[in-house]
Protein chains: 4
Amino acid sequence: MATLDGIEPLRDQLTAVIRERIASGEYPRGSKLPTARELADEFGISARTVTDALAVLRESGELIGVRGRGVFVRPTD
Amino acid sequence: MATLDGIEPLRDQLTAVIRERIASGEYPRGSKLPTARELADEFGISARTVTDALAVLRESGELIGVRGRGVFVRPTD
Amino acid sequence: MATLDGIEPLRDQLTAVIRERIASGEYPRGSKLPTARELADEFGISARTVTDALAVLRESGELIGVRGRGVFVRPTD
Amino acid sequence: MATLDGIEPLRDQLTAVIRERIASGEYPRGSKLPTARELADEFGISARTVTDALAVLRESGELIGVRGRGVFVRPTD
DNA sequence: GTGGTCTAGACCACT
DNA sequence: GTGGTCTAGACCACC
């Protein structure tokens, strides 16, 4: 299981991890992210904290959330 | 008691109210906001939702939170 | 496990069952209903159908949904 | 109400009381302690003093604090 | 006492 | 079943 063990807030650590995965191509442009629950399981944190992190990236336009469908990496730069 | 009764999320409604109060001078530049708990009581919502709204305004630089002291309106434009 | 085996739509059967439980005092005025998931399990139906039934009773004012807290029987006649 | 009336600092008296309760099994291995607020009320001391005492026992590994959940007695010797 | 973070677990909209 | 919102109530850092 991936772990977040820094001193920073879990939300901010997760935000950084997702940004890295987008940059590295692990989460390609336009692709669908794992569900919030899957990310919560992967990192051993609550779904609420995951959605808080996703909210930051939605706010900044890096991710796009679609109710009932999923969360997607913004296709265009 | 002030009420938030729109269809928008409570967090976003509160964000808008605080922005209005800053613009109107009710919360002057550099002044300290009521505590999160006071705002929660005023609007009849949970402190968590208040801090979510404040987080948006911190993220955008409109407010500055200082642990143990309070939340302040950013002094300068 | 309770069962709904009539010819009517499951949603309407469940609506009727909940109304009976309110009338009988099994769900007293002002009390909190079981969660949607618990009701789904009790009757062996999908959570979606439960929320549909609850929506009917919210619409009619018989139930009151409170975000983050639960669904409650309307306290007063 | 329990009282701490020794000459030692309240924090150290409380630390000792908690150690005794762990040793006696009143706070079993792996169990959740009362909240800091409850302990403060029980002993008639400030929440700050309680968190200071808990910090000592976290530091020594006797207790484990879990954000959003509570403080727990370390399960294993 | 204040702000900030986090959890667990609700409801609800939408697919 | 997914995302999004909200509650209640923890711990913790700081003043």
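Note that this is a predicted model, so its numbers are computed, not measured. The residue count restarts for each chain, going from 1 along the sequence in the order it is written. By the order in which they are written, chains take letters starting at A while ligands take numbers starting at 1. Local features are withheld for residues below a pLDDT of 70 in this predicted model, meaning they are given only at 70 or higher, and side-chain atom pairs are given and counted only at 80 or more; totals for whole chains, interfaces and linings count all residues. For the side-chain quantities, the full set of heavy atoms in the structure was used; hydrogens and water were omitted.

Engineer: Is there a simple way to explain the relation of the copies chain A and chain B in this structure?
Structural biologist: Each copy of the chain is related to the other by a rotation around an axis and a translation along that axis. The copies were overlaid with a least-squares fit restricted to C-alpha atoms from residues scoring a pLDDT of at least 70 in each copy. Superposing chain A onto chain B takes a rotation of 180° plus a shift of 0.0 Å along the axis, which leaves an RMSD of 0.0 Å. What the rotation and shift describe, once combined, is the action of a two-fold rotation axis. The contact criterion used is simple: two residues touch if any of their non-hydrogen atoms lie within 4.5 Å. When the interface residues of chain A are mapped onto chain B, 100% of them are again interface residues, pointing to one common binding face.

Engineer: Looking at this structure, how should I read the UniProt feature "domain: HTH gntR-type" (unreviewed entry) in chain A?
Structural biologist: UniProt positions are given in the numbering used here, feature names are shortened, and annotations may be inferred rather than shown by experiment. The feature "domain: HTH gntR-type" (unreviewed entry), as given by UniProt, occupies residues 8-76 of chain A in the numbering adopted here. In residues 8-76 of chain A, the share of helix is 52% and the share of strand is 12%. The end C-alpha atoms are 30 Å apart. In this description a helix means any DSSP run of H or I spanning at least four residues, a strand means any run of E spanning at least two, and both kinds are numbered starting from the N terminus.

Engineer: Would you explain the pairing of strand β2 (residues 70-73) of chain B in this entry?
Structural biologist: As a general feature of sheets, a regular strand has side chains that alternate between the two faces. Residues and elements named next belong to chain B. Taking every second residue as pointing to the same face, both faces of β2 are buried, with G70 and F72 on one and V71 and V73 on the other. We call two strands paired when DSSP finds no fewer than two bridges between them. Sheet topology note: the strand β1 (residues 63-66)/β2 ladder contains 4 bridges and is antiparallel. Residue pairing across strands places G65 opposite V71, the latter belonging to β2. Between buried and exposed lies partly exposed: a residue is buried under 20% and exposed over 50% of the maximum accessible area for its type, with that area taken using a 1.4 Å probe on protein chains only.

Engineer: Honestly, helix α1 (residues 10-24) of chain A in this entry has me stumped. Any pointers?
Structural biologist: How far a helix is expected to stretch is found by multiplying one less than its residue total by 1.5 Å. Taking 1.5 Å per residue, 15 residues should reach 21 Å; α1(A) reaches 21 Å between its end C-alpha atoms and fits that length. Those residues of α1(A) that are buried are in contact with α2 (36-43), α3 (47-59), β1 (63-66) and β2 (70-73) of chain A.

Engineer: Could you clarify how one ought to interpret the interface of chain A and chain B in this entry?
Structural biologist: A common way to state how big an interface is: give the accessible area lost once the parts meet. Each partner contributes residues to the interface: chain A has 4 residues there, and chain B has 4 residues. Defined here as a combined quantity, buried area equals the accessible surface (1.4 Å probe) lost by two parts on assembly, summed across both. Surface buried jointly by chain A and chain B totals about 270 Å² across both partners, of which 35% is contributed by carbon and sulfur atoms. Salt bridges are defined by distance alone: a side-chain nitrogen of Lys or Arg within 4 Å of a carboxyl oxygen of Asp or Glu. Seen at the junction of chain A and chain B, the total is 2 salt bridges. Residue B:R48 pairs with A:D52 through a salt bridge whose shortest N-O separation is 3.3 Å. Throughout this description, a polar contact denotes any pair of N or O atoms lying within 3.5 Å of each other; where both atoms belong to protein, one of them has to be capable of donating a hydrogen while the other can accept it, and for residues adjacent in sequence the pair is counted only when both atoms sit in side chains. Counting across the interface, chain A meets chain B through 2 residue pairs in polar contact (both at pLDDT 80 or more). Three residue categories are used. Nonpolar comprises Ala, Val, Leu, Ile, Met, Phe, Trp, Tyr, Cys and Pro, charged comprises Asp, Glu, Lys and Arg, and polar comprises the others, including Gly. Broken down by class, the residue content of the side of chain A that touches chain B amounts to 1 nonpolar, no polar and 3 charged.

Engineer: I would appreciate a short explanation of the protein's contact with DNA strand E in the present structure.
Structural biologist: Being near a molecule or strand, for a residue, means having at least one of its heavy atoms within 4 Å of it. Neighbouring DNA strand E are 33 residues; A:L10, A:S46, A:T49, B:R48 and C:R48 lie closest to it. Between DNA strand E and C:R58 there is a distance of 3.0 Å, counted from a phosphate oxygen to a side-chain nitrogen or oxygen. At 3.4 Å from a phosphate oxygen of DNA strand E is found a side-chain nitrogen or oxygen belonging to D:R69. The leading source of residues in the surface near DNA strand E is helix α3 (residues 47-59) of chain B, at 3 residues. Per-class residue counts for the surface near DNA strand E are 8 nonpolar, 13 polar and 12 charged.

Engineer: I'm lost on the protein's contact with DNA strand F in this one. Help?
Structural biologist: In the vicinity of DNA strand F, 33 residues are found, and the nearest of them are A:R48, B:L10, B:S46, B:T49 and D:R48. Among all atoms of DNA strand F positioned within 4 Å of the protein, those belonging to sugar or phosphate total 73%. The side chain of D:R58 places a nitrogen or oxygen atom 3.0 Å from a phosphate oxygen of DNA strand F. Looking at the surface near DNA strand F, the elements with two or more residues in it are α2, α3, β1 and β2 of chain A, α1 (10-24) and α3 of chain B together with α3 (47-59) and β2 (70-73) of chain D. Examining the composition of the surface near DNA strand F, we find that 3 residues originate from one element, α3(A), more than from any other. In terms of residue class, the surface near DNA strand F is built from 8 nonpolar, 13 polar and 12 charged.

Engineer: Before we go on, may I ask you to explain the layout of surface pockets in this structure?
Structural biologist: If you roll a probe as big as a water molecule over the atoms, it shows you where there is empty space left. Residue and element names in this part refer to chain C. Within this scheme a cavity is a closed region of a 1 Å grid, computed over the protein atoms alone, that accommodates a 1.4 Å probe without allowing it to escape, whereas a pocket is open but has protein on both sides within 12 Å along at least five of seven lines; lining residues each have an atom within 4 Å of a point. Grid points are joined across faces, edges and corners, and a volume is the space filled by probe spheres set on the points. Put simply, the second largest pocket is a space of about 220 Å³. Around the second largest pocket sit V66, R67, G68, R69 and G70, which together line it. Class assignment for the residues of the lining of the second largest pocket results in 1 nonpolar, 2 polar and 2 charged.

Engineer: Could you clarify how one ought to interpret the nonpolar core in this entry?
Structural biologist: The tendency in soluble globular proteins is for nonpolar side chains to be buried as a group. All names here are of chain B. Judged by nonpolar contacts, the single largest core of 19 residues is most densely connected at L14, I18, L33, V50, L54 and L63. When residues of this core are traced back to their parent elements, those giving at least two are α1, α2 (36-43), α3 and β2. Residues in contact with I18, not counting those within four places in the same chain, are Y27, L33, L54, L57 and L63. Residue types Ala, Val, Leu, Ile, Met, Phe, Trp, Tyr and Cys, when buried and joined through side-chain atoms within 4.5 Å, form a set referred to as a nonpolar core.

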